[in-house]
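Overview (structure and organization)
What follows is the residue order along each chain.
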Amino acid sequence: MRLLAAIALACLFTAPANAQNQSMPTATPPAHATAAPAIDPAKEADIRRLLDLAGTTTLVNQMMDRTVQSLKPVMTNALPPGDYRTQLIDLFFEKFRSKFSTKALLDSAVARYNENFSDEEIKGLIEFYQSPLGRKVTTVLPSMMAELQGDGQKMGQEIGRESMIEVLQEHPDLAQALHEAAARQGGGSSQ
């Protein structure tokens, strides 16, 4: 059961943190994937230039690194202890990274930009990212987003801990059941 939870967590937490919450593309798309509509070559070139100016490849790689860093402890805690665990987790992430395709994700980004922005808007974004403010955004935003992610994780942990304490205080029968389950597992006290 813990193994299934670890695998489910791996699948859940490795999805990119974007507004659409899309699944990460793999090196080979699923058989049921439909071909994206043809994009005007000039517009596609503009979109790819925009992605380059915005530092999208760097952001994708940083996102992957942060995801791995945050997911490793979750997987470690979800899998039963043993000498195998570190090697299994390392091999999982090695396999995952070998299947993850930054190019496929960028191709998907091109299609999304094509769907949501006109060529004129893409050119406006290119102009912005070539400006001093746009260059600053590409420099500051990655570290700022990492800091915000850390702030969010810390806030979530604090709220989660407070919520669990309150629920257990409000429902002593559940607190007792948790304590008994921990004792049976050999975990001793669960306070």
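1. Brief notes about the confidence of the model for the protein
Confidence along the protein averages 80 in pLDDT terms, with 78% of residues attaining 70 or more. Of all helices and strands in the protein, the one with the weakest mean pLDDT is helix α1 (residues 2–13) (40), whereas helix α6 (residues 119–130) scores best (96).

2. What about helix α2 (residues 41–53)?
Under the 1.5 Å per step criterion, the end-to-end length of α2 is 18 Å for 13 residues, consistent within 8% with the ideal 18 Å. If you check which residues of α2 are buried, you get K43, D46, I47, L50 and L51. With its buried residues spanning 140° around the axis, α2 presents them on a single face. Seen from the open side of α2, the exposed residues pointing more than 90 degrees away from its buried face are P41 and D52.

3. Concerning the packing of aromatic side chains
Per the stated rule, a full pass over the model turns up 4 aromatic pairs. Judged by centre distance (5.0 Å) and plane angle (75°), the ring pair of F128 and Y129 falls under edge-to-face. Relative accessible area serves as the criterion here: at 28%, F128 is assigned to the partly exposed category. One aromatic cluster is present, formed by F92, F93 and F96 through successive ring pairs.

4. As for the pattern of salt bridges
Summed over all chains, the structure comprises 8 salt bridges. The salt bridge involving D107 is made with R48; its shortest N-O contact spans 2.8 Å. Remark: R48 occurs in helix α2 and D107 occurs in helix α5 (residues 102–116); sequence separation between them is 59 residues. A salt bridge links K72 to D90; the nearest nitrogen and oxygen atoms lie 3.2 Å apart. Of this pair, K72 sits in helix α3 (residues 56–78) while D90 sits in helix α4 (residues 84–99), placing them 18 residues apart in sequence. Linked through salt bridges whose partners overlap, the residues forming this network are E44, R48, K103 and D107.

Conventions used here
- The numbering scheme is per chain: residues are counted from 1 as the chain's sequence reads.
- Per-residue local features of the predicted model are confined to residues with pLDDT of at least 70, and side-chain atom pairs are confined, for both listing and counting, to 80 or more; whole-chain, interface and lining totals are unaffected and use all residues.
- Processing note: side-chain calculations cover all non-hydrogen atoms of the structure and skip hydrogens and water entirely.
- Across the chain, each position has a pLDDT score giving the predictor's confidence in that residue, from 0 to 100.
- Numbering of helices and strands starts at the N terminus; helices are DSSP runs of H or I of at least 4 residues and strands are runs of E of at least 2.
- Here, expected helix span is obtained from the residue count minus one, scaled by 1.5 Å.
- Think of it in three bands: residues with accessible area under 20% of the maximum for their type are buried, residues over 50% are exposed, and the middle band is partly exposed, with areas taken using a 1.4 Å probe on protein chains only.
- The arc in question is traced by the directions running from the helix axis to the C-beta atoms.
- Two rings belonging to Phe, Tyr or Trp (six-membered ring only in the last case) form a pair when the distance between their centres is within 6.5 Å. Interplanar angles under 30 degrees mark stacking, angles over 60 mark edge-to-face geometry, and anything in between is tilted.
- The term salt bridge refers to a side-chain nitrogen of Lys or Arg lying within 4 Å of a carboxyl oxygen of Asp or Glu.

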